Amino acid sequence: MPCLGRRLHVSYAAFTLLAVESDASPGIRGNASSSAAPKLPRRSSEKHCHLLATRLLQAPSLEEFDGCMAAKMSSDSLHDWGIPGAEFVALASCWCSHNVSQTIEDYGCCSDDQFEQMCSISCDPDCNSDLAKQCIEKCPPMCLEARDYFVEQDLCSHCNVKDCFPVLKCLTANAAYLTETGKLSRTCHEVDFLHSEKITAYWQCWRDA
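Calculation notes
Residues numbered from 1 in each chain as written. Predicted model: local features only at pLDDT ≥ 70, side-chain atom pairs only at ≥ 80, totals over all residues. Heavy atoms only, no water. Salt bridge = Lys/Arg side-chain N within 4 Å of Asp/Glu carboxyl O. Helix = DSSP H or I, 4+ residues; strand = E, 2+ residues; numbered from the N terminus. Buried < 20%, exposed > 50% of the residue type's maximum accessible area, 1.4 Å probe, protein only. Core = buried A, V, L, I, M, F, W, Y, C linked by side-chain atoms within 4.5 Å. Patch = residues over 30% accessible without salt bridge, like charges linked within 9 Å, V, L, I, M, F, W, Y side chains within 5 Å. Areas by Shrake-Rupley, 256 points an atom, 1.4 Å probe, with all protein chains shown as cover. Axes fitted to C-alpha atoms, helices over the stretch in contact; angles between N-to-C directions. Left-handed = near helix turned anticlockwise from the far one by under 90°. Contact = heavy atoms within 4.5 Å. Nonpolar A, V, L, I, M, F, W, Y, C, P; charged D, E, K, R; others polar. Disulfide = S-S within 2.5 Å.

Peer 1: Would you take a moment to explain the pattern of salt bridges for this structure?
Peer 2: Once their charged atoms are close, side chains differing in charge can pair, the charge on each being opposite to the other. Inspection of every chain in the model, using the stated rule, returns two salt bridges. The salt bridge involving D80 is made with R186; its shortest N-O contact spans 2.6 Å. Linking D80 in the loop between α3 (60-72) and α4 (86-97) with R186 in the loop between α9 (168-180) and α10 (190-194), this pair joins segments that are 106 residues apart in sequence. Accessibility expressed as a relative area gives 27% for D80, which makes it partly exposed.

Peer 1: Explain the nonpolar core here, please?
Peer 2: Where a protein is soluble and globular, its nonpolar side chains tend to be buried together. Counting residues in hydrophobic clusters, the biggest one holds 36 residues, and the most contacted among them are F65, W95, I104, I121 and L168. Secondary-structure elements contributing two or more residues to this core are α3, α4, α5 (100-106), α6 (116-119), α7 (130-138) and α9. With eight residues, the top contributor of residues to this core is α4.

Peer 1: Looking at this structure, I do not really get a nonpolar patch on the surface. What am I missing?
Peer 2: Taken together, the side chains of Y202, W203 and W206 present a nonpolar region at the surface, about 400 Å² in accessible area. With respect to the element layout, W206 can be found in helix α11 (residues 197-208).

Peer 1: Quick question: what am I supposed to make of the packing of α3 against α4 here?
Peer 2: Contact pair α3 / α4: the axes reach a minimum separation of 9 Å and the direction vectors enclose 145 degrees. For the pair α3 and α4, the sense of crossing is right-handed. Residues F65, C68, M69 and K72 of α3 form the contact with α4, whose participating residues are A90, L91, S93, C94 and W95. Of the residues belonging to the contact of α3 with α4, the class tally is seven nonpolar, one polar and one charged.

Peer 1: Just to check I follow, could you spell out the state of the cysteines for this structure?
Peer 2: Inspection of the entire model under this criterion finds eight disulfides. Sulfur-sulfur distance for the disulfide between C127 and C170 comes to 2.1 Å. Where C127 bonds to C170 through sulfur, the torsion about that S-S bond is close to -95 degrees, and the disulfide is left-handed. A residue pair is termed long-range when its members are at least 10 positions apart, and C127 in the loop between α6 and α7 and C170 in helix α9 qualify at 43 residues. Here C170 falls in the buried class, since its relative accessible area comes to 2%. Bridging C135 to C164, the disulfide has an S-S length of 2.1 Å. The chirality of the disulfide connecting C135 with C164 is left-handed, given an S-S dihedral of about -90 degrees. Residue C135 is located in helix α7, and its partner C164 is located in helix α8 (residues 161-164); the two are separated by 29 residues in the primary sequence. Here C164 falls in the buried class, since its relative accessible area comes to 6%.

Next up, the structure:
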């Protein structure tokens, strides 16, 4: 059963409000490994990141992004969560559909650790480009699931996430093609699993215990 052992819930709403709690405390951003990484000095012409302002004045595109992700997690969603990298498909789709990169850029935060990769995504990438072909070769589809599944130790050793994020849509399209043609096994369909009668009954039993 592909759902066993997989992380079954992600707070997508938190994604758009990742904490830049104050300009004086950059160490609280992300996990320990990312906060410990050395940061490149900002160019003097670069906007200062004021993402905290979005908490007080929630930009429409961020609200729409949250709503888009919530809809993809709903029980009647048509999003296929059984394709490797489905989470990235959803993120890229909602991000591009609501032009979130422009909003984050307007706040001067596209170079912030939390948003640099997402801002680098090409919403209409050339999947025949040398970069796309190299990334498809070096980043097999299950590299998109490495946080949630056990993968072969060396499977993703040549996959450079930062370099390949601009062509993320090419990686997910390749994963979808391989899955649809039966060359790649499906992964856990989280929405169907979480809304299944047996899981619902389990949680009701847990609450009643």
